[in-house]
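Per-entry structural report
The primary structure of each chain is shown beneath.
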Amino acid sequence: MGLAASPQKKRHRQDPQPSPSSPSTSSNPASPIKKIKKSKYANAPPAFLHNGPTSSASKLSNGISSTSVAGTSSSTLAPSSPSRSRTVPASNVSNGLKWTESALKNVDPRIVEARAALPIASGQQAIIDAVRAYDTVVVLGETGSGKTTQIPQYLFQAGFAERHPVQMIGVTQPRRVAATSLARRVAVEMGQPDPAMLPSVKGKARTAAGGIVGYSIRFEDRTTRNTRIKFMTDGMVLREMIGDVAYGPSSKSIASNDALESTSSSSAAVRSNLLLKYSVLIIDEAHERTLRTDQVLGLAKRIQRERKALRQSWLDRGKPSNETEITELKIIVMSATLDADRFANFFATPSRALAANATLTDPKILTAANDKQHVPILYVKGRQHEVTMFHTEEPAQEWTDAALRTVLQIHVSRPPGDILVFMTGQDEIDTLARSLELYSSELPAWAEAESKPLPMSLMIAPLYAALGPSASAKVFAPTPPRTRKVVLATNIAETSITIPGIVFVVDCGLAKEKTYTPGTAVETLEVSEISQSAARQRAGRAGRERSGECYRLYTQEAFKGLALAGTPEIVRTDLAAAVLQLCAMGQDPYTFDWLDQPDATGLQESVLQLIQLGALDIKTLPALNGSDGEAEKGKAKLVLTAIGGKMAMLPVSPAYSRSLIAAGERGPTVARQVRDLIAILSSDRSILVEPSDPEKRDEANKAKSTFIHPTGDHATLLTVLYSYLGESDKARAMSKARKTEGKVDVKVVEKEAREQVRAWCSNHFVHEKAVKNVLHIRKQLRTICRQQKILCDDDLQEKLANSTSAQDEDPSEEESDSSSSSGKGVDKTGLFVTRKTNGISKPSDDEEDTHFTGLRQSLLEGRIANAALKNPSTPNTYKRITSSASAGATFKIHPSSTLHPSKLAREGGGKKLDAILFEELVFTTQTFARTVSVIEPSWLQEFAQRG
Ligand code: CDP
Ligand code: MG
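Here's a quick rundown of the structure.

Cut-off values and rules
Residues numbered from 1 in each chain as written. Chains lettered and ligands numbered in written order. Predicted model: local features only at pLDDT ≥ 70, side-chain atom pairs only at ≥ 80, totals over all residues. Heavy atoms only, no water. Buried < 20%, exposed > 50% of the residue type's maximum accessible area, 1.4 Å probe, protein only. Helix = DSSP H or I, 4+ residues; strand = E, 2+ residues; numbered from the N terminus. Pairing = 2+ DSSP bridges. Axes fitted to C-alpha atoms, helices over the stretch in contact; angles between N-to-C directions. Parallel < 35°, antiparallel > 145°, perpendicular 65-115°, else oblique. Left-handed = near helix turned anticlockwise from the far one by under 90°. Contact = heavy atoms within 4.5 Å. Nonpolar A, V, L, I, M, F, W, Y, C, P; charged D, E, K, R; others polar. Patch = residues over 30% accessible without salt bridge, like charges linked within 9 Å, V, L, I, M, F, W, Y side chains within 5 Å. Areas by Shrake-Rupley, 256 points an atom, 1.4 Å probe, with all protein chains shown as cover. Salt bridge = Lys/Arg side-chain N within 4 Å of Asp/Glu carboxyl O. Lys, Arg positive; Asp, Glu negative; His and termini not counted. Charge placed at Lys NZ, Arg CZ, Asp CG, Glu CD. Phe/Tyr/Trp six-rings, centres within 6.5 Å; stacked < 30°, edge-to-face > 60°. Lys NZ or Arg CZ within 6 Å of the ring centre and 35° of its normal. Near = heavy atom within 4 Å. Polar contact = N/O pair within 3.5 Å; in protein donor to acceptor, adjacent residues only side chain to side chain.

**A look at the pairing of strand 13 (residues 418-422)**
Of all the five residues making up strand 13, five are buried; the element is thus mostly covered by neighbouring parts of the structure. Residues Asp418, Leu420 and Phe422 point to one face of strand 13 and Ile419 and Val421 to the other, with burial holding for every one of them. Two strands pair when backbone bridges link them, and strand 13 and strand 16 (residues 502-507) are joined in this way by five bridges, in the parallel orientation. Residue Asp418 lies in a different strand from strand 16, and its bridge partner there is Ile502. Two strands pair when backbone bridges link them, and strand 13 and strand 15 (residues 483-489) are joined in this way by four bridges, in the parallel orientation.

**So, the packing of helix 24 (residues 654-665) against helix 32 (residues 853-862)**
Running from N to C, helix 24 and helix 32 cross one another at 135°; their axes reach a closest spacing of 7 Å. Comparing the axis directions of helix 24 and helix 32 gives the class oblique. The crossing of helix 24 and helix 32 is right-handed. In contact with Ala655, Arg658, Ser659, Ala662 and Ala663 of helix 24, helix 32 contributes Ser858, Leu859, Glu861 and Gly862. Here the residues of the contact of helix 24 with helix 32 are counted per class, giving four nonpolar, three polar and two charged.

**A word on a negative patch on the surface**
A surface patch of like charges, here negative, comprises Asp693, Glu695, Asp698 and Glu699. Relative to the helices and strands, Asp693 is located in the loop between helix 25 (668-682) and helix 26 (694-705).

**Quick look at the pairing of strand 9 (residues 278-283)**
Where burial is concerned, most of strand 9 is hidden: six out of the six residues are buried. In the sheet, strand 5 (residues 168-173) pairs with strand 9 via five bridges, with the strands oriented parallel. Residue pairing in the sheet places Thr172 in a bridge with Ile283 of strand 9. With four bridges connecting them, strand 9 and strand 10 (residues 330-335) associate as parallel partners. Looking at strand 10, one finds that Val280 is bridged to Lys330.

**Describing the sheet that holds strand 23 (residues 878-880)**
The five strands lie next to each other as 23-22-25-26-24, forming an open sheet whose pairing is mixed. The open sheet is flanked by strand 23 and strand 24 (892-893), the only strands paired with a single partner. Bridge count for strand 25 (residues 915-923) against strand 26 (residues 927-935) is eight bridges, and the pairing is antiparallel. Paired with Glu920 across the strands is Arg930, a residue of strand 26. Most of the contacts of helix 27 (residues 713-741) go to strand 26, to which it runs at about 80°, and overall it touches strand 25 and strand 26.

**Describing unusual backbone geometry**
Of note, the phi angle at Leu275 is positive, near 50°, even though the residue is not glycine. Examined against the element boundaries, Leu275 turns out to sit in the loop between helix 11 (268-272) and strand 9. Assessed through its relative accessible area of 2%, Leu275 is described here as buried. Here the phi dihedral of Thr931 falls at roughly 50°; this positive angle occurs in a residue that is not glycine.

**Quick look at the packing of aromatic side chains**
Going through the model one piece at a time under the given rule, you end up with six aromatic pairs. Look at Phe346 and Phe347: their rings are 5.2 Å apart centre to centre, the planes differ by 85°, and that puts the pair in the edge-to-face class. Both residues of the pair, Phe346 and Phe347, belong to the buried class. An aromatic cluster is present here, built from Phe707, Tyr724 and Trp760 joined pairwise through their rings. A cation over an aromatic ring shows up here: Lys301 above the ring of Phe346, its NZ or CZ 4.4 Å from the ring centre. Lying across the ring of Phe559, Arg552 places its NZ or CZ 4.3 Å from the centre.

**As for the site of ligand 1**
Looking at ligand 1, there are 14 residues lining it, with Gly144, Gly146, Lys147, Thr148 and Thr149 nearest. In the environment of ligand 1, an oxygen atom lies 3.2 Å from a nitrogen or oxygen atom belonging to the backbone of Ser145. The contact in question runs from an oxygen atom of ligand 1 to an N or O atom on the side chain of Thr148, over 2.6 Å. Its free accessible area being 530 Å², ligand 1 has 88% of it covered by the protein chains. The set of elements that each furnish at least two residues to the shell around ligand 1 consists of helix 6 (147-157) and helix 7 (176-189). Along the lines of polarity and charge, the residues of the shell around ligand 1 split into two nonpolar, eight polar and four charged.

**Some words on the environment of Thr495**
By the element assignment, Thr495 lies in the loop between strand 15 and strand 16. Between the alpha carbons of Thr495 and His287 there is a distance of 9.6 Å; along the sequence they are 208 residues apart. Leave out the neighbours within four places in its chain, and Thr495 touches Thr143, Glu285, His287, Glu288, Ala336 and Gln537. Looking at Thr495, its side chain comes within polar contact range of the side chain of Glu285, at 2.9 Å. Within the structure, the side chain of Thr495 is placed 3.3 Å from the side chain of His287, a separation counted as a polar contact.

The following block contains the structure:
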């Protein structure tokens, strides 16, 4: 294959400067890339660079200007600052600074220099002053100006994480990769150990190894008692708030909201969800408006005001020594776009939730604490270089193809500088990465044939949420000499992450977005157009270090047709998980402080779904004679049931958590199966490799057929996982036997064992990395199941084998490396559950392991809405049983499913498939159900009646 068909020759016009192509070859056909304008590309509108659009500004310090949203009376403007708080032992006040000075000695001077050169550096004091003076501060600044990495350090040094008992500075992120990569970066900047490398030890040894900076993401907690700056996903903060309720002294309140409602200020239940471990909560990337960020914003608003009131009450009562002191919470909202006023206004106004569900006895204190606030907005002026914009002349037919051609054209015709390509998802990224690798190996031959100078090497670095910390390290590492780095990223690189060295941006104009239509009750991940604001952000990535170029794979007209800003997730997502979480925290979803009120139908639907799952109940308050309940008489209230409380504690969707609980009731074998299946389904990547090359695909399908279970995809996926575990067990047993023989190099033996498993994976088209990720999730789910008393048979076996095993480990001390399953033989039970090799299972489990009946029933119990019956009028189509007339669309089984009619025909099985259960509906050319299993129609009746 030569490069003759490559884009730089065929499709990109090589027009004279300032096109990115060589001027000498103007005889080439027209290019889809046309320079529309060469203008100073201002990433930020004038308002961004100067003052807030509506408020007056005052210069605080070089580079930072400030405006504020006014509250009512000036008396509420100056809450007590932490420096004045009597809770800080005097000896501790300057510790942060002293400590940092000594730790910084270990830091590379170039990093210290780079920090000082960031646009935000000159505003350090202004930021600290503002946070001291006000309860809430909004910080607005361009991506890369230093908000996320610097502000936590400034606050730490200023002593914000030193109160007694020790409190942390929490920083929330919408994405996992951002939380980990930022924590690691800040650790480097502070001369601290890498939190990702925290050794897998427990207890004191773990604490001793932990530094000041940690992170916590779902299924991975890298914090210790030493952590003072904690990066975490929004989901983890939410979980912490529920965790406090469930684990708090009055954990019985989980079964009924009464305890939460009737408690007074001295009760632990009131304090339980107040994020007391944090003195500062930084809500980052607020502009992304994910549902979780919105939830955090709303909760933080109430918590801040509630803590203020509780503190005041404690002070007024003369600081009773038998009560724990409650401190105030500082909130910093950070955004990379222009919506600062929105956030400032939101925090300036009183909390509706607090007013509606007041728990304090003294209304005066509450009113004072819940009064209007003054919320200053700090603007960090970034340094943005000129970005030259290019649009395609005509809409690209196939954007992935256009992306490939554009990258190659830039590579062979433009000066050094790394390329960042914005793509939709992991599959597209992996495919483009492979094509680029292929072309890049052809480059020397091409250059020789064309008598062109030898182009630099290409280094391809993918970046998407599912990548582990080590894989994403390639993205951030300095580019080697004579090499051009090409980062293929999802919209993760838009604002959360800054990649050094980027000069060229290629933007496909699309992003994967979750969309949910109330009424159909199905959520789909669809590729949709980005907003103009997102497109500007993407382009801006090219001008961080010097002037750059942005290639949009769409026309300028198409750009003008894009929505100005993206839709907040709350208006396009399933609210069930959010509603359950809120109820578990004792919040009423109807009076919650939403930044944007969710769609009423959607909210109602989620509540109904949770009632159907048995998580919520409607309770009418009885009219008790002479009690305070009189006013509330006859009022219907949503209450959390015991099952709901348990569901809220499981870090998976309500459907999965309900299935897991149902599985627990069906016995330890089913519980183990469902737990492991949820681990597979919760992982971001597929455990089976699906090659795009048709020849390879046939081979892969053949390999896959050894795993296929007649009941469908769920059991098939489990079979893949268990076969892998069986294989790695076999390899381990063999190497153990060889080791006991003696006279062997242990390392060599272990390496061979690993290679044996790797070879098995590649022969069976099993994605080993993805399986390891699943095992990692499975390990965390195991701990959680143990805590929630969901008994699994492998745990029972382990208990028998090792009666001294720790049962209820502290999850924070749970080691969490992503290596394969434990070597203790724990996984030996329940491994061989395929039809061929189920010899090991106990006879009573044979039925489960052969037919997976309990598994499918448990899954169904969690998602009746995802059950469908065959549509008699059109062959091979299905219709959901719960669909109303409005949602009566029919769909087919996705071609990738083992139950797709073509595959069943090949196997010669004319299965009936009258009723099915599926994981999701996807819309491509038509609607398809993915990950499908067959179910008995009679089960539907049974569960429907129960619901
Ligand atoms: O939050 P904001 O977008 O304002 O900036 P930041 O994430 O704090 O990044 C500030 C600077 O730190 C970036 O411009 C990068 O140069 C550097 N950085 C880095 O080198 N590696 C990271 N993983 C994160 C940031
Ligand atoms: Mg940031």
